[in-house]
Amino acid sequence: MKKLLLLFMATALVVSCDKDDDTNEPQTKNLTMGIEGLEDLGADYVYEGWIIVNGAPVSTGVFTVDGNGNPSKTSFSVDAETLDQATAYVLSIEPAVDNDPAPATTKLLSGAFAAETATVSITDLVGDFTGASGEFFLRTPTDEDDGMNNGNDQYGIWFGIPGAPPATGLELPILPDGWVYEGWVVGEDGPITTGTFMDPTVQAEDSGNPFSGANPGPPIPGEDFFNNAPTGFTFPLDVRGKTVVISVEPSPDNSPAPFLLKPLVGTSGQETAPTTHALSLNSDSFPTGWVKR
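Because the structure is a prediction, the values reported are computed rather than measured. (Residues numbered from 1 in each chain as written. Predicted model: local features only at pLDDT ≥ 70, side-chain atom pairs only at ≥ 80, totals over all residues. Heavy atoms only, no water.)

Draft legend 1. Seen up close, the overall build of the protein chain. The number of helices and strands found in the protein chain is 2 helices and 19 strands. Expected size for 293 residues packed as a compact globule is a radius of gyration near 19 Å; at 27 Å, the protein chain overshoots this value by more than 25%. Each principal axis of the C-alpha atoms in the protein chain carries an extent, and together these give about 115 × 35 × 30 Å. Once local pairs closer than 6 in sequence are excluded, the contacts in the protein chain between residues at least 24 apart make up 64%. Taken as a whole, the protein chain presents about 14700 Å² of accessible surface, with 53% of it coming from carbon and sulfur. In the protein chain, 12 positive and 41 negative side-chain charges are present, and the distance between their average locations comes to 18 Å. (Helix = DSSP H or I, 4+ residues; strand = E, 2+ residues; numbered from the N terminus. Rg over C-alpha atoms; globule rule 2.2 N^0.38 Å. Contact = heavy atoms within 4.5 Å. Areas by Shrake-Rupley, 256 points an atom, 1.4 Å probe, with all protein chains shown as cover. Lys, Arg positive; Asp, Glu negative; His and termini not counted. Charge placed at Lys NZ, Arg CZ, Asp CG, Glu CD.)

In structure tokens, the structure reads:
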């Protein structure tokens, strides 16, 4: 009888310990995501979600997006106590092979939690484009001698207002680290870049003029299309009647095409300088959505 009693007590102790271990296991909750307007980042980059807890970022996991805009995951298992303490959600773009545990500077979306839901947008992390607008004109200053017009202005585009020198013509916010602006002309052959630039509020050239003529360009973003035509393009390139875009690009950027953020879009008319053409806000290109805990 005594042996049976001891065996019973030992068994009860084991069961009790097992129950205590179960109750001490970390409890998790699902963070679900409903974000529209994301695009495939290619093989080198992924999206990563973060919750902000006591001012510090905590990763909720990574995901990719296919060519149709469908995310590989929409639900993420997160420690329940940590998730309950979160005050905000952030979505960043990260290298696919990433040894840095902190978020990259290229942060795309954010939103504060109101009860169980955070509505996310680009406003706080990329910029407020509510009042964005712009102007551009057609001219080819890089093949002109002594400022004499050669009569071929349909082969060049410059973002600004004609003058001596031209004035800046873009109303855009200054971007944070991790982002740059890029100009594009989009026609039947696809998009072709006019160069990247950082600060639209100052008179300054863009990242380069690889297609332009021998003479210096004006101190504003733009390009003449005479030399070094990329595969699939024929130069000189007539930009009349083409779609014109200012995009916001991640930096660094592994894609030769415009990124999903295209705050300004317009159409180049038939008139060359001094006529200017308008760029209008294109907020439909901005991703939006929510996360719920």
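Draft legend 2. Seen up close, the pattern of salt bridges. Following the criterion strictly, the structure yields 4 salt bridges and no others. For Glu116, the salt bridge identified is with Arg293, shortest N-O distance 3.7 Å. In this pair, Glu116 sits in the loop between strand S6 (107–114) and strand S7 (117–120) while Arg293 sits in the segment after strand S19 (288–292), placing the two residues 177 residues apart along the sequence. We classify Glu116 as partly exposed; its relative accessible area is 40%. Here Arg240 makes a salt bridge to Asp238, at a shortest N to O gap of 2.7 Å. The exposure class assigned to Arg240 is partly exposed, which follows from its relative accessible area of 30%. Asp238 gets classed as partly exposed once you look at its relative accessible area, which sits at 26%. (Salt bridge = Lys/Arg side-chain N within 4 Å of Asp/Glu carboxyl O. Buried < 20%, exposed > 50% of the residue type's maximum accessible area, 1.4 Å probe, protein only.)

Draft legend 3. Layout of the packing of aromatic side chains. The final tally for this structure, using the stated rule, is 10 aromatic pairs. Taking 5.4 Å as the distance between ring centres and 20 degrees as the angle between the ring planes, the aromatic pair formed by Tyr47 and Phe63 counts as stacked. With Tyr47 in strand S2 (residues 45–53) and Phe63 in strand S3 (residues 56–63), the pair connects residues that are 16 residues apart, well separated along the chain. Ring geometry for Phe211 and Phe235: centres 5.5 Å apart, planes at 80 degrees, overall edge-to-face. (Phe/Tyr/Trp six-rings, centres within 6.5 Å; stacked < 30°, edge-to-face > 60°.)

Draft legend 4. Examining empty space enclosed by the protein more closely. Counted under the stated rule, the structure contains 1 cavity of 30 Å³ or more. When its volume is computed, the largest cavity comes out at roughly 40 Å³. Forming the walls of the largest cavity are Val185, Gly187, Glu188, Asp189, Gly190, Ile192, Phe233, Leu237 and Lys242. Going through the elements one at a time, strand S13 (179–187) and strand S14 (190–197) are the ones with two or more residues in the lining of the largest cavity. (1 Å grid on protein atoms, 1.4 Å probe; cavity = no way out; pocket = protein on both sides within 12 Å on 5 of 7 lines; lining within 4 Å. Points joined across faces, edges and corners; volume = space filled by probe spheres on them.)

Draft legend 5. Local environment of the pairing of S14. Sheet topology note: the S13/S14 ladder contains 7 bridges and is antiparallel. By the bridge assignment for S14, Trp184 is matched with Thr193. Taking the residues that link successive antiparallel strands as the turn, the S13-S14 hairpin has 2 residues. (Pairing = 2+ DSSP bridges.)

Draft legend 6. Molecular detail of the environment of Gly190. Among the secondary structure elements, Gly190 is positioned in strand S14. Sequence separation between Gly190 and Asp124 is 66 residues, and the spatial gap between their C-alpha atoms is 32 Å. Discounting chain neighbours no more than four positions away, the residues touching Gly190 are Val185 and Phe233.

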